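Inside the fold
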Amino acid sequence: MSVLIYTENWDGKFKKLSFELVSYGSEVAKMCNTTVTALSIGKVDETEFKKLGNYGAQKIISVHNDLLETLDNQAYTNVISEISLKEKASVIIISNNNTGKALAPRLSVRLRAGVGSCVSKLPLSINPFTVYKKTYSGNAFAQVVINSDIRIITLAQNSFDLIETENKAVIEK
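How each quantity is defined
- Residues numbered from 1 in each chain as written.
- Predicted model: local features only at pLDDT ≥ 70, side-chain atom pairs only at ≥ 80, totals over all residues.
- Heavy atoms only, no water.
- Helix = DSSP H or I, 4+ residues; strand = E, 2+ residues; numbered from the N terminus.
- Rg over C-alpha atoms; globule rule 2.2 N^0.38 Å.
- Buried < 20%, exposed > 50% of the residue type's maximum accessible area, 1.4 Å probe, protein only.
- Contact = heavy atoms within 4.5 Å.
- Areas by Shrake-Rupley, 256 points an atom, 1.4 Å probe, with all protein chains shown as cover.
- Expected span 1.5 Å × (residues − 1).
- Phe/Tyr/Trp six-rings, centres within 6.5 Å; stacked < 30°, edge-to-face > 60°.
- Polar contact = N/O pair within 3.5 Å; in protein donor to acceptor, adjacent residues only side chain to side chain.
- Pairing = 2+ DSSP bridges.
- Right-handed = clockwise from strand over helix to strand, strands pointing away.

Here we come to the overall build of the chain. Looking only at helices and strands, the chain features 4 helices and 10 strands. Mapped in sequence order, the helices and strands of the chain form the string β-α-β-α-β-α-β-α-β-β-β-β-β-β. For a compact globule of 173 residues, the expected C-alpha radius of gyration is about 16 Å, and the chain comes in at 15 Å, within 12% of that figure. Burial analysis of the chain (173 residues in total) assigns 52% to the buried set. Summarising the internal contacts of the chain: among those between residues at least 6 apart in sequence, 70% fall at separations of at least 24. As displayed, the chain has an accessible area near 8800 Å², and 47% of this comes from carbon and sulfur atoms.

And the structure:
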């Protein structure tokens, strides 16, 4: 079992959003007593991968193929689902931006996974897996229980602080 984080890159560089996802995923992994794997699709320099390791990624998987140069929801869903099955991911974390909103439902169907969208805090409980999210444009809050074996979380941007750790990341292409 592991926590898989899909990290987006822009022109081969990671932004704060990706580091926030890895920091969040690292804390979720501690709660679940498991490992953290970050997934990057596209051409990225190795120095950028080391930055992900500074925020808690223990393993970084880089997928680079010319056919994946532009976002294709079906192709990205195939890659993320294959990697999640290979890594035996019990939690998949993606951002709650346009990309995440497009990928989460497809991944949910492909993996038969429950989705907690626009989550803004660490899970309240691991058993049952309960997440906290804002609803009604942030005017109310909800606790959502995800009962499936695989859980997908879309993390609201700027909702979690960056947590730097010692870099022990292994990069796999």
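Right, let's get into the environment of L39. Tracing the chain through its elements places L39 in strand β2 (residues 35-41). Separated by 98 residues in the primary sequence, L39 and S137 place their C-alpha atoms 30 Å from one another. Contacts of L39, omitting those with residues within four sequence positions, involve L4, I5, Y6, T7, I61, V63, I80 and I83.

Another aspect to go through is helix α1 (residues 16-32). For α1, which comprises 17 residues, the first-to-last C-alpha distance of 24 Å matches the rise-based estimate of 24 Å (1.5 Å per residue) to within 8%. Positive backbone phi, approximately 55°, marks N33, located one or two places after α1.

Another aspect to go through is the environment of G100. Within the secondary structure, G100 sits in helix α4 (residues 98-111). For G100, a relative accessible area of 2% corresponds to the buried category. G100 sits 29 residues away from F129 along the chain, and the two C-alpha atoms are 20 Å apart. Residue contacts for G100: discarding those within four places in its chain leaves I94, S95, P105 and T154.

Right, let's get into the packing of aromatic side chains. Tallied over the entire structure, the rule returns 5 aromatic pairs. Taking 4.8 Å as the distance between ring centres and 25° as the angle between the ring planes, the aromatic pair formed by F19 and Y55 counts as stacked. With F19 in helix α1 and Y55 in the loop between α2 (46-53) and β3 (59-63), the pair connects residues that are 36 residues apart, well separated along the chain. Side by side, F19 and Y55 carry an identical accessibility label, which is buried. On the basis of an interplanar angle of 90° and a centroid distance of 5.3 Å, the ring pair of Y24 and F160 is categorised as edge-to-face.

Take K134: it is sitting in strand β7 (residues 129-135). A relative accessible area of 43% means that K134 is categorised as partly exposed. For the pair K134 and S117, spaced 17 residues apart in sequence, the C-alpha separation works out to 9.2 Å. In contact with K134, not counting residues within four places along its chain, are C118, S120, A140 and F141.

Tracing the sequence through the fold places S148 in the loop between β8 (140-146) and β9 (151-155). On the basis of relative accessibility, which here comes to 17%, the residue S148 falls in the buried class. Within polar-contact distance, the side chain of S148 engages the backbone nitrogen of G114 at 2.7 Å. Polar contacts involving the side chain of S148 include one to the main-chain carbonyl oxygen of I150, which spans 2.5 Å. Setting aside chain neighbours within four positions, we find S148 in contact with R112, A113 and G114.

Take the pairing of β3 next. In terms of burial, β3 is largely enclosed, as 4 of its 5 residues are buried. Bridging between β2 and β3 involves 5 bridges; their strand directions are parallel. Each residue of the ladder has a partner; that of I41, found in β3, is V63. Between the parallel elements β2 and β3, the chain passes through α2 in a crossover that is right-handed. Direction of pairing for β3 relative to strand β10 (residues 170-172): parallel, over a ladder of 3 bridges. Across the sheet, residue I60 finds its bridge partner in β10, namely I171.

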